[in-house]
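This is what each chain is made of:
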Amino acid sequence: MHDPTHDYAVNLEWNHGRIGQLSSPELENLIECATPPEFPHGVPGIWSPEHLFTAAVSSCLMTTFLSVADHSNLKFEKFTCKATGTLAKQDGKWMMTEVHLFPELTLSPGEKEERGLKVLEKAEKACLISHSVKSEIKMIPTILQLELY
């Protein structure tokens, strides 16, 4: 017996110029997307495929971390993650070559820094989006300890 598959439906409708709108029959929110401003006719101030790619890797780290932390009974107060995705030419083709993740985890009083780091590292290794892309994914974590007063 094998694991079931899961499908995620996304619709795209071109609006005008280099701008389109993403939707899903499963979701309420719409996302406007466009060619990034670094390219001809690109549009500033709108989510680009490159932003969405970087966001997919970052948000997967968060959701995987939340699951691993829950299973590990890790107590924490805050999780944030800054991320940068690098678009570069490789072998004459543009591709997302790297994503750097900068998660910052604030532990609850009494939790050990090593344990928080271990849970983050487990989450990084288990992230299904990172497994699905060719880009190099690098995580540079920061662990903060909430002190008892």
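No experiment lies behind these values; they were computed from the predicted model shown.

**Describing the overall build of the protein chain**
What the protein chain contains, in helices and strands, is three helices and seven strands. Each helix (α) and strand (β) of the protein chain, taken in turn from the N terminus, gives the series β-β-β-α-β-β-α-α-β-β. For the protein chain, the spread of C-alpha atoms along the principal axes amounts to about 55 × 40 × 35 Å. Surface exposure of the protein chain reaches about 10500 Å², of which carbon and sulfur atoms provide 56%.

**Examining the nonpolar core**
Grouped together as the largest cluster of nonpolar side chains are 17 residues, with contacts concentrated most on Phe65, Leu74, Leu101, Leu105 and Leu120. Counting residues per element, the ones that place at least two in this core are α1 (49-72), β5 (93-107), α2 (113-126) and β6 (136-139). For this core, the leading source of residues is α1, giving five residues. Once residues lying within four places of it in the same chain are set aside, the contact partners of Leu74 are Phe65, Ala69, Leu105, Leu107, Glu111, Arg115, Gly116 and Val119.

**Overview of the packing of aromatic side chains**
The full count for this structure, using the stated rule, is three aromatic pairs. Ring geometry for Phe65 versus Phe76: centroids 5.1 Å apart, planes at 65 degrees, classification edge-to-face. Within this pair, whereas Phe65 is found in helix α1, its partner Phe76 is found in strand β4 (residues 76-90), the two being separated by 11 residues in sequence. Since its relative accessible area comes to 0%, Phe65 is described here as buried.

**Brief notes about unusual backbone geometry**
Its identity is not glycine, yet His41 carries a phi of approximately 65 degrees, on the positive side. Relative to the elements of secondary structure, His41 occurs in the loop between β3 (31-34) and α1. The exposed category is assigned to His41, whose relative accessible area is 60%. Phi is positive for Asp91, close to 55 degrees, though the residue is something other than glycine. Locating Asp91 in the fold gives a position in the loop between β4 and β5. Taking relative accessible area as the criterion, Asp91 reaches 80% and is therefore assigned exposed.

The rules behind these values
Residues numbered from 1 in each chain as written. Predicted model: local features only at pLDDT ≥ 70, side-chain atom pairs only at ≥ 80, totals over all residues. Heavy atoms only, no water. Helix = DSSP H or I, 4+ residues; strand = E, 2+ residues; numbered from the N terminus. Areas by Shrake-Rupley, 256 points an atom, 1.4 Å probe, with all protein chains shown as cover. Core = buried A, V, L, I, M, F, W, Y, C linked by side-chain atoms within 4.5 Å. Buried < 20%, exposed > 50% of the residue type's maximum accessible area, 1.4 Å probe, protein only. Contact = heavy atoms within 4.5 Å. Phe/Tyr/Trp six-rings, centres within 6.5 Å; stacked < 30°, edge-to-face > 60°.

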